[in-house]
Structures are given as C-alpha cells and as structure tokens.
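The lines below spell out each chain.
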Amino acid sequence: MISPKCALCDVEITQENDSKEHVIPNAIGGRKKVKGFICGGCNNAAGDDWESELASQLNPLSLFFGISRERGEPPSQLFETTGGDKVTLKADGSMGIEKPLYSESPLGSGAGVKIQIRARSMPEAKRMLQGVKRKYPKVDLDELLDNAKPESSYCPDMLHFNFSFGGHEAGRSIVKSALALAVFSGISAEKCIEATNYLRNDEAEACFGYFYEKDLVKNRPKGVPLHCVSIKGCSKTKQVIGYVEYFGVQRVVLCLAGSYEGKDVSGTYAINPITGEELDLLVDLNLSSSEIREAYDYKKIPNGSVEAAFGEVISAGVKASFEKEKDRVLNEAVKHAFENCGAKEGEMLMPEHVDKLAGLVMEKLESFILHQFTQSRKPR
Ligand SMILES: [Zn+2]
C-alpha cells in the first residue's frame, strides 16, 4: 500500500509526521479523530487559524449549551444584558461582573468617608483593600478582610446573544471536517479536488453554502443542538457531497468533488455536544449540483429559517444552563453546610450538627430558588 499524502501540503504521511485530526473540532466538543489525513505541521497550523476562528464564532453557543469537551473548557465571554450591564458568562454556567467596582463618598463634616468595593474574587478584594490602606493608613486591614464576604446574586435581565458565522477561515474549518470524514470513510483526499483546492489556495472558490430549504437529517432527535458531519461519494453522479451542521443551527452543504471517479461511499458522524454522546443519524445527501450551486449563492436560506432552526434547540440550552447552575449551587451549598455545621472532618455527625445542616444548605440555596421563582412568574 502506498502511504497517503497530507491533504493540505502533499507531504507523504509517515509514522513520524502522522497526526490525529479531530473530525469535528475539540473546541466545540468533537471526539472522533482521523489518522493518515494531514501531517503534524498542517494540523497545528490549521488548528490555530481556521478552528480558532470557527470556535470563537460559535463560542456563545458553546457557553449557552454548556458543551462537554474532551480537553479544556470554552473561554468565558462578555455579554451585555437587556438591562445594559456587562457580565461575563463562564463555562460552568455562572456569571461574573465585568470589572471590580470601587466607590468613595464623604459621610459629612468630619465623619470620614464611606468606601464600597465589589470585587470578582477574594484575592482581588484583598488587593483593592491594600490600596485603601495606602490611602488611609489608619484603616484596619484585617478587620475589613474579616468583614468581606463572598456573595452570589442573579441577574434579573436576559443576556443578549449576538453571534454570527461565516467567512473563509471558519469555512475552511468546515470543509476540512467534511474532508476528514471522507478520508476516514475511504475516499482519498486527492479525489476531493474542490475541497483540497479550497483548503490550499486563498483565491480558490469556496465549495460550501448554507442550506435551510429542507431538513437533510431524516431522524433528527427533538431539541438536540447536534453536531453532524456527513459525506456521500456517488459513482453515478460523480460527486462527493458533504453536509456539516453545528448546534442544530449552522447548516452547510458542500461539494468536495465534482468529478469523482470511485466507489459509492457514505459516512456520518454526529454527536450531542452537551453530553458528548454519539448519535446515529440518517442524512439525505441526494442533492443535485444545481441545488448545491444555489446554496453557494445564498439562495437556500428561506426567510426565518435560521431563526426557526435556533428556536428548535433553544429550550435545550435553557434547560442545560439551569441543570448546570443547579448542580453548582447544590454542591456549593452542601460543602458550605458541612464546613460550618461544627463537625470536624472525619468525625461522626452528632444530632446538633444535623440540626444545623438544613439551615446552612438553605442559606446558600435561597437566592437560586428565589431567582427560579421570579423567572417562572415573569410574563413571557
Ligand atoms: Zn501537511
């Protein structure tokens, strides 16, 4: 057997330079990897440019759905609320204030000043208090630190999720994903001329377009913000067609090869990015070359179709963030209760400790529960 060539730079792939390439980028939750597809050097370069662009375009969705990744977490991101505040949304579903707040106001003649500090963490609060100490040396730093307490509150407003996708960098990541699956399914990269051409040449015509005219996933699980890559090589139509969908929302058709000489081949890889579990999907890739051409020209996006696709998965995101926050708050509450009920670590719990536990748990759960009540009673 002849060793394959790197799909991006033509170098012969050997044991030394072979790399494991994710079919769907790890950054958005992909798991499956392909060997014998691209060399190590190209893997790093493509990961840096194309995939980081795709991942940053989709990051609001990665945070919103709380995806599970094999490695690392999606980065925190700043959002504006409907009330105009700026908050940071983190991968664990919690939110933080954008920057620390400091205010100083005089208390009237000779009575001193009132200082208010809101920091994002205790170390930050400590640094800010040290600044106060430099300005007002008489301040008792230890007393102030003892009185500082962490607190969490819920933001009553909704977050604005502005996101958009597109462009050639992210587009190349999508084409590379389809090509990776084609190679995994047994079609050599050399036969996918349209795809390799686009990946290698900045000037080459894009070989993908957005497609919302009909649902190509025939057994779509309800409300799952799924990721899917599917390919089909057809000996009769002489085309290798691809389909890539991310978060149920971004839906792309591709033509990897327009003059394919080879066997009938098809393959699909799909996951639920919230759990990482693989999905068994049927994707109908019987598309004509003119349908694909029209997708290239943005003619397969009926009015309201992108919003409708998003509407189908949005409740899954709301539910996922609720579950995540519930787990986080419960864990914190239980930890807080055991640490403060008076029992020493490893000791048996005595009745007086148990009596205290419930109250301590409730102390921490109160704001979460109140928030759920007020949210559920809000008019839609
Ligand atoms: Zn290479």
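The residue numbering used here restarts from 1 in each chain and proceeds along that chain's sequence as written. Confidence filtering applies because this is a predicted model: local features only for residues at pLDDT of at least 70, side-chain atom pairs given and counted only at 80 or more, and all residues used for totals across whole chains, interfaces and linings. In computing side-chain properties, one takes all heavy atoms of the structure into account and sets aside hydrogens as well as water.

**Observations regarding the coordination of the zinc ion**
Stage number 1. Any nitrogen, oxygen or sulfur atom within 2.8 Å of a metal ion counts as a donor, with the limit raised to 3.2 Å for Na, K and Ca, and since water is left out, coordination shells can look unfinished. Every protein donor of the zinc ion is listed here as C6 (SG), C9 (SG), C39 (SG) and C42 (SG), and their distances to the metal cover 2.3 Å.
Stage number 2. Donor residues for the zinc ion sit on one chain with the sequence pattern C-x2-C-x29-C-x2-C.

**With respect to the sheet that holds strand β3 (residues 77–80)**
Across a sheet, paired strands are connected by hydrogen bonds in the backbone, their directions being either parallel or antiparallel.
Stage number 1. At least two bridges found by DSSP between two strands is the condition for calling them paired. For helices the rule is a DSSP run of H or I covering at least 4 residues; for strands it is a run of E covering at least 2, with both sets numbered from the N terminus onward. If you walk across this open sheet you meet the three strands as β3-β4-β5, and the pairing is antiparallel. Looking at the sheet topology across the chains shown, the edges are occupied by β3 and β5 (95–97). Adjacent strand axes in the sheet meet at a mean angle of 40 degrees, parallel and antiparallel pairs treated alike.
Stage number 2. Examined bridge by bridge, β3 and strand β4 (residues 86–89) share four bridges and lie antiparallel to one another. Bridging across to β4, Q77 finds its partner in L89. Fitting a line to C-alpha atoms yields each axis, with helices limited to the stretch in contact; the angle taken between N-to-C directions then spans 0 to 180 degrees.

**Re the pairing of strand β7 (residues 113–118)**
Looking down a regular strand, the side chains alternate between one sheet face and the other.
Stage number 1. Relative to β7, strand β6 (residues 101–106) runs antiparallel, the two being bridged by six bridges. Directly across from E104, in β7, lies its bridge partner I115.
Stage number 2. The loop that links β6 with its antiparallel partner β7 comprises six residues; one of these, G108, has a positive phi angle of about 95 degrees.

**Quick notes on the side chain of S230**
Stage number 1. Tracing the sequence through the fold places S230 in strand β9 (residues 227–234).
Stage number 2. The buried label applies to any residue whose accessible area, calculated with a 1.4 Å probe on protein chains only, is under 20% of its type's maximum; exposed applies above 50%, and partly exposed to all values in between. Relative accessible area serves as the criterion here: at 1%, S230 is assigned to the buried category.
Stage number 3. Polar contacts, as counted here, are pairs of nitrogen or oxygen atoms within 3.5 Å of one another; within protein the pair requires one atom able to donate a hydrogen and one able to accept it, and residues that are adjacent in sequence qualify only if both atoms are side-chain atoms. Among the polar contacts listed, one links the side chain of S230 to the side chain of T268, at a separation of 2.9 Å.
Stage number 4. Discounting residues that sit within four places of it in the chain, S230 has contacts with L181, I241, G242, Y243, G267, T268, V283 and L285. Whether two residues are in contact is decided by their heavy atoms: any pair within 4.5 Å suffices.

**Side note on the packing of aromatic side chains**
Stage number 1. Aromatic rings from Phe, Tyr and Trp, taking only the six-membered ring of Trp, are treated as a pair when their centres fall within 6.5 Å; an angle between ring planes under 30 degrees marks them as stacked, one over 60 as edge-to-face, and anything in between as tilted. By the definition in use, this model includes five aromatic pairs.
Stage number 2. Where F165 meets Y210, the ring centres are 5.7 Å apart and the plane angle is 40 degrees; that geometry is what we call tilted. Here F165 is found in the loop between α3 (141–147) and α4 (168–185), whereas its partner Y210 is found in strand β8 (residues 208–210), with 45 residues between them in sequence.
Stage number 3. Taken together, the aromatic side chains of F165, Y198, F208 and Y210 make up a single cluster linked through ring pairs.
Stage number 4. The residue whose ring lies beneath R172 is Y198, and the NZ or CZ to ring-centre distance is 4.2 Å. Only Lys NZ and Arg CZ are tested; either one counts as a charge over a ring when it is within 6 Å of the ring centre and within 35 degrees of the ring normal.

**Focus: the environment of E291**
Stage number 1. Looking at the secondary structure, you find E291 in helix α6 (residues 289–296).
Stage number 2. It is 9.3 Å that separates the C-alpha atoms of E291 and F211, two residues lying 80 residues apart in sequence.
Stage number 3. Ignoring any residue separated from it by four or fewer positions in sequence, one finds E291 in contact with K214, N286 and K300.
Stage number 4. Reaching out from E291, the side chain makes a polar contact with the backbone nitrogen of S288 at a distance of 3.0 Å.

**Points about the sheet that holds strand β13 (residues 278–279)**
Stage number 1. Spatially, the six strands line up as an open sheet ordered β8-β11-β10-β9-β12-β13, and their pairing is antiparallel. Every interior strand has two partners, whereas the edge strands, β8 and β13, have only one.
Stage number 2. In this sheet, β13 lies alongside strand β12 (residues 265–271) in antiparallel orientation, the contact comprising two bridges. Looking at β13, one finds that A270 is bridged to L279.
Stage number 3. Packed on one face of the sheet, α4 meets β8, β9, β10 (239–246), β11 (250–257) and β12 and runs near 60 degrees to β11.
Stage number 4. Strands in contact with α6 are β8, β10 and β11; relative to β11, the strand with the most contacts, it is inclined by about 125 degrees.

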